[in-house]
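Observations on the three-dimensional arrangement
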Amino acid sequence: MPTPSERSAEPFRIPMWLGLCAFLAIAAFFLWEEHRAHILGVLPYLLLLACPIIHLFMHRSHGSHGPGHTTHEQHPSQR
C-alpha cells in the first residue's frame, strides 16, 4: 500500500474514458445546437424510408409458401 507521500507524488489524472465521455457529450451538444433544424427536417423522410424496411421484416415471419404448405390454416380456436 502506498504511503501518503507516494500518493501525493502522482499527478491528478482523470481516467481516459471519463475524458472521452465528456468530450463526446460536449461535441454532441454543439452538433445538436448547430444542426437541429437539419436533423429534425429529415425525420419525416426517415420515417417514410423506414416503412418498406419494416414491411420486409414483418413479412419474414409468414413462413414458406413452397410445396406442402397450406395457405389457409385454421386457428386452433376456430376448429
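1. Things to note about the overall build of the chain
- If you tally the helices and strands in the chain, you get two helices and zero strands.
- Across the 79 residues that make up the chain, the buried fraction comes to 0%.
- Roughly 8,000 Å² of accessible area belongs to the chain as shown, and the carbon and sulfur atoms make up 70% of that amount.

2. What about the packing of aromatic side chains?
- Under the criterion given, the structure shown has one aromatic pair.
- Seen from their ring centres, Phe29 and Phe30 are 5.3 Å apart, and the 70 degrees between their planes marks the pair as edge-to-face.
- According to the relative accessible area criterion, Phe29 is partly exposed, its value standing at 46%.
- In this structure Phe30 comes out as partly exposed when scored by relative accessible area, which is 49%.

3. Focus on a nonpolar patch on the surface
- On the surface, Trp32, Ile39, Leu40, Val42, Leu43, Tyr45, Leu46, Leu48 and Leu49 cluster together to form a nonpolar patch covering roughly 890 Å² of accessible area.
- Tracing the sequence through the fold places Leu49 in helix α2 (residues 16-59).

4. Section: the pattern of salt bridges
- Under the criterion given, the structure shown has one salt bridge.
- Here Glu33 and Arg36 are joined by a salt bridge, their closest N and O atoms 3.0 Å apart. On the criterion of helical spacing, the pair formed by Glu33 and Arg36 is a turn pair, its members being three residues apart in helix α2.
- A relative accessible area of 37% places Glu33 in the partly exposed class.

5. Concerning α2
- For α2, with 44 residues, the first-to-last C-alpha span of 46 Å runs short of the 64 Å given by 1.5 Å per residue.
- In the structure, α2 departs most strongly from a straight axis at His35, where the bend amounts to approximately 75 degrees.

Rules of the game
Residues numbered from 1 in each chain as written. Predicted model: local features only at pLDDT ≥ 70, side-chain atom pairs only at ≥ 80, totals over all residues. Heavy atoms only, no water. Helix = DSSP H or I, 4+ residues; strand = E, 2+ residues; numbered from the N terminus. Buried < 20%, exposed > 50% of the residue type's maximum accessible area, 1.4 Å probe, protein only. Areas by Shrake-Rupley, 256 points an atom, 1.4 Å probe, with all protein chains shown as cover. Phe/Tyr/Trp six-rings, centres within 6.5 Å; stacked < 30°, edge-to-face > 60°. Patch = residues over 30% accessible without salt bridge, like charges linked within 9 Å, V, L, I, M, F, W, Y side chains within 5 Å. Salt bridge = Lys/Arg side-chain N within 4 Å of Asp/Glu carboxyl O. Expected span 1.5 Å × (residues − 1). Bend = angle between axes of the 7 residues up to and from the residue.

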